[in-house]
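Inside the fold
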Amino acid sequence: MYLDETCFNTHDVVKKGWNDGTCNYILKTPPSRGKHVMVLHMRGSEGWLENCLYLSVKNIEDCKADSHDEMTAQVFENWFKNHLLENPPWDRKCLIVTDNASNHSWQLIRFPTKNSNVKDIINFMRNNIIVPNPIPINVVILQEIKSANISKKYAVEELAGSYGHEVLQLPPYNCILNSLEMI
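Presented here is an overview of the structure given in this document. This structure is a prediction, so every number in the text was calculated from the model and none was measured.

To continue, consider the packing of helix α1 (residues 73-85) against helix α4 (residues 155-162). Viewed as axis vectors pointing N to C, α1 and α4 meet at an angle of 15 degrees, and their least axial separation amounts to 11 Å. Of the possible angle classes, the one that applies to α1 and α4 is roughly parallel. Considering how the two elements wind past one another, α1 and α4 form a crossing that is right-handed. Residue-level contacts link Phe-76, Glu-77, Phe-80, Lys-81 and Leu-85 of α1 to Ala-155, Val-156, Leu-159 and Ala-160 of α4. Looking at the contact of α1 with α4 residue by residue, the class counts come to seven nonpolar, no polar and two charged.

Below, the structure is given as structure tokens:
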């Protein structure tokens, strides 16, 4: 099963068009008019899945340039759980293919980075590996965490797994591997 989302503005127009050559014309784009439409859906080998369409329509003036404020991890997870997992439109275990958009791939455990403070790094270590004593500098601690090979856990993968399904996240910048990109 493949899932993806897209958005568009109802009044998007091309700035130039074909003409007969007698005059130049430019199409006028109405500023802040029309609607911003967000679509999220899932498709399998048998076609679009019933009752899985997420559709959101807002006035353009109420929207930001990108759609990250609208399609958040919480909105996505709610749709994923309620429309796909708890009311499955299929009768078998599935492999669910998705891109690695941040709202699809947020981690259950946030790994520390070189910008993390020592307290956060130590708390992470207490929950996952043995904390050395004395505590070394951050660079050494981060190297120990990396060498411990703690696997990242993603919320959507864990949620799907609890229902017996598997999620395959495509590598970054390889959305062409998702068949929905062609539709």
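What follows deals with the nonpolar core. With 20 residues, the main nonpolar core has Leu-3, Met-42, Phe-76, Trp-79, Phe-80, Leu-84 and Trp-90 as its most contacted residues. Sorting the residues of this core by element identifies β2 (35-44), α1 and α4 as the ones contributing at least two each. Those residues in contact with Phe-76 that sit more than four places away from it in its chain are Leu-3, Leu-40, Met-71, Asn-103, His-104 and Val-156. Ranked by size, the runner-up nonpolar core spans eight residues in total, among them Phe-111, Ile-122, Phe-124 and Ile-141.

Definitions and cut-offs
- Residues numbered from 1 in each chain as written.
- Predicted model: local features only at pLDDT ≥ 70, side-chain atom pairs only at ≥ 80, totals over all residues.
- Heavy atoms only, no water.
- Axes fitted to C-alpha atoms, helices over the stretch in contact; angles between N-to-C directions.
- Helix = DSSP H or I, 4+ residues; strand = E, 2+ residues; numbered from the N terminus.
- Parallel < 35°, antiparallel > 145°, perpendicular 65-115°, else oblique.
- Left-handed = near helix turned anticlockwise from the far one by under 90°.
- Contact = heavy atoms within 4.5 Å.
- Nonpolar A, V, L, I, M, F, W, Y, C, P; charged D, E, K, R; others polar.
- Core = buried A, V, L, I, M, F, W, Y, C linked by side-chain atoms within 4.5 Å.
- Buried < 20%, exposed > 50% of the residue type's maximum accessible area, 1.4 Å probe, protein only.

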